[in-house]
Amino acid sequence: MSRTGELVLASGEGAYVVDESGRRYLDAAAGLWYCNVGHGRREIADAAAEQMRRLAAYSAFGDLATRPALDLAERLSAMAPMADARVFLTSGGSDSVDTAVKLVRRYWAEAGQPERTAIVTRLHAYHGMHLAGTSLAGIQANRDGHGDLDAAVVQVEWDDSAALEDVLDARDDVAAFFCEPVIGAGGVYAPPPGYLREVRELCRRHDVLFVADEVITGYGRVGSMFGSDRWHLEPDVILTAKGITSGYVPLGAVLVSWRVAEPFWVDRGSPVIWRHGYTYSAHATACAVAMANLDIVEREGLVARVDGLQHDLGRALGPLAAYDAVSEVRAGVGLLGAVEFTPDAVSEGMPPRVIAGLRERGVLTRTLASGAIQVSPSFVVSERDIAGIAIALEETLTSLGAVRTTTQRSDVASLSGASLLSDPATGERAVAFDDRHYADQRPPHH
Ligand SMILES: Cc1ncc(COP(=O)(O)O)c(C=O)c1O
């Protein structure tokens with residue numbers, strides 16, 4: 001802790017980070033959902049250093065390119081769950097969102113339907129902090145106080161395909177539906193059974209472009225390379241960032257189906273030039289880092305690892321729903337979880353106190369928009385550490401006066417379809433707590 005109160009982080013290794021005083025924390029958030037391969041990967045640092053020594057960056061405008069940018073674009077095109085994908089590289093998720101909003105509108109302008117400018121988004125949606133993403137946000141607090149936002153944005157319930165159908169039936173000016181396969185920052189909401197299939201089909205039927213915002217879910221976090229693979233979405237556009245470099249340097253990528261790319265594709269004789277691009281689009285060092293990061297993801301089988309660990313996370317967090325202060329636990333789909341509090345517990349200030357209590361116990365994370373606790377560790381986290389997060393949560397809740405009810409609550413989200421809960425009366429646990437969390441205990445920070 002610094003003199004002005006910040007927790008100053010100094011280093012990291014695997015699923016852990018260390019502060020300036022040498023205290024170690026299990027990073028239960030993977031930074032901001034990005035550090036998929038874990039901290040301290042020398043191989044990634046070496047890739048960055050090597051590229052920087054050779055040529056750190058160069059403009060990718062016009063006919064200019066660098067080898068890492070071309071290699072990465074080829075690799076992403078081959079990985080993308082859409083035929084003949086094209087790649088537009090950005091500096092992060094909000095850039096990717098902005099790019100996609102402009103791209104889908106421009107696409108329709110080129111396709112002879114310039115009236116198609118409306119974008120449909122979902123309640124709880126988070127699409128970054130640029131002006132376009134702020135307009136798309138389904139988190140009201142993030143929209144407030146910025147003057148008039150984009151008027152051509154329509155919001156629908158997050159879990160009801162009929163709500164989308166009503167909008168698409170009523171309007172013929174819709175350009176695209178933006179959809180996080182699993183809503184992340186808005187609270188970790190996995191799609192209800194059938195929801196994604198239904199909305200995908202509705203978009204096809206109404207010829208509305210389907211944009212999957214996979215800034216969190218991309219590159220493995222839901223146990224498949226993309227959420228679009230897991231739910232067979234075949235989107236028209238996929239937005240990515242975060243896990244593309246595991247956050248070692250900023251980078252984003254928009255994966256574009258051939259249908260949407262074609263009007264702008266100069267190689268094939270298109271006269272249209274889309275006047276869009278960023279200074280650091282296709283940044284050579286960022287692309288070299290992404291290549292090294294994806295090498296690790298593939299070589300170490302980390303996506304399959306997430307596929308297995310998601311059940312551990314669901315089983316570990318599920319029993320927390322037995323606490324009276326907890327209204328719902330959402331976990332079991334990917335390495336993504338949220339522990340939601342009752343309105344009373346929120347108004348009594350429970351969320352920040354839980355964060356502080358977790359920190360005292362050596363677990364670092366944060367609250368989401370509603371006050372829910374975010375749980376999204378790196379893909380190299382161990383089963384024991386996942387159990388450790390749950391135990392630290394239990395101990396914190398108990399220390400703050402929350403009480404376990406003996407009857408199992410019915411509102412526990414068993415999202416993977418499996419029964420995730422151990423008996424709350426016995427508190428049976430699958431694995432022991434990793435007592436390294438308790439090493440070097442210091443006085444509470446708060
Ligand atoms: C789904 C989604 N879209 C877009 C963004 C914005 O990404 P960035 O913060 O890199 O601009 C985020 C960031 O958390 C996100 O979760």
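Quick notes on the rules
- Residues numbered from 1 in each chain as written.
- Predicted model: local features only at pLDDT ≥ 70, side-chain atom pairs only at ≥ 80, totals over all residues.
- Helix = DSSP H or I, 4+ residues; strand = E, 2+ residues; numbered from the N terminus.
- Contact = placed C-beta atoms within 7 Å.
- Near = placed C-beta within 6 Å.
- Nonpolar A, V, L, I, M, F, W, Y, C, P; charged D, E, K, R; others polar.
- Core = buried A, V, L, I, M, F, W, Y, C linked by C-beta atoms within 7 Å.
- Buried ≥ 20, exposed ≤ 12 C-beta atoms within 10 Å, placed from the backbone.
- Domains from an automatic or database assignment.
- Pairing = 2+ DSSP bridges.
- Axes fitted to C-alpha atoms, helices over the stretch in contact; angles between N-to-C directions.

Within the element layout of this structure, Ala290 appears in helix α11 (residues 284–299). If sequence neighbours within four positions are ignored, Ala290 has contacts with Leu72, Ile244, Thr245 and Leu251.

Turning our eyes to something else, we now look at the site of the ligand. Inspection of the region around the ligand gives 14 residues, with Gly92, Gly93, Ser94, Gly128 and Val215 positioned closest. When its residues are assigned to classes, the shell around the ligand shows 6 nonpolar, 6 polar and 2 charged.

Here we take up the nonpolar core. Ranked by internal contacts, the top residues of the largest apolar core, which has 138 residues, are Val104, Phe177, Val211, Val237, Leu255, Leu320 and Ile389. Looking at this core, the element that brings in the most residues is α11, giving 9 residues. Taken together, domain 1 (9–37 + 302–438) and domain 2 (42–299) each give at least three residues to this core, which thus spans both. When residues no more than four places from it in sequence are discounted, the contact partners of Leu255 are Leu76, Ala80, Met82, Ala85, Val87, Val237, Ile238 and Thr240.

Pairing in this open sheet of 7 strands is mixed, and the strands run β4-β10-β9-β8-β7-β5-β6 from one edge to the other. The strands lining the two open edges of the sheet, one partner per strand, are β4 (86–90) and β6 (153–156). Across this sheet, the average inter-strand angle for adjacent strands is 20°, counted without regard to direction. The sheet contact formed by strand β5 (residues 118–122) and β6 spans 4 bridges and is parallel. If you follow Val120 over to β6, its bridge partner there is Val154.

Attention shifts here to the environment of Arg200. Note that Arg200 resides in helix α8 (residues 195–205). C-beta crowding within 10 Å serves as the criterion here: with 21 such atoms nearby, Arg200 is assigned to the buried category. Once the C-alpha coordinates of Arg200 and Pro235 are considered, the two residues, 35 residues apart in sequence, prove to be 8.0 Å apart.

Although it is not a glycine, Lys242 sits at a positive phi angle of roughly 30°. Tracing the backbone through its elements, the reader meets Lys242 in the loop between β9 (237–240) and β10 (252–256). Accessibility expressed as a C-beta count within 10 Å gives 27 for Lys242, which makes it buried. Backbone geometry places Ser246, a non-glycine residue, at a positive phi of 55°. Taking the C-beta count within 10 Å as the criterion, Ser246 has 29 such neighbours and is therefore assigned buried.

All we've got here are geometric facts, nothing functional implied.
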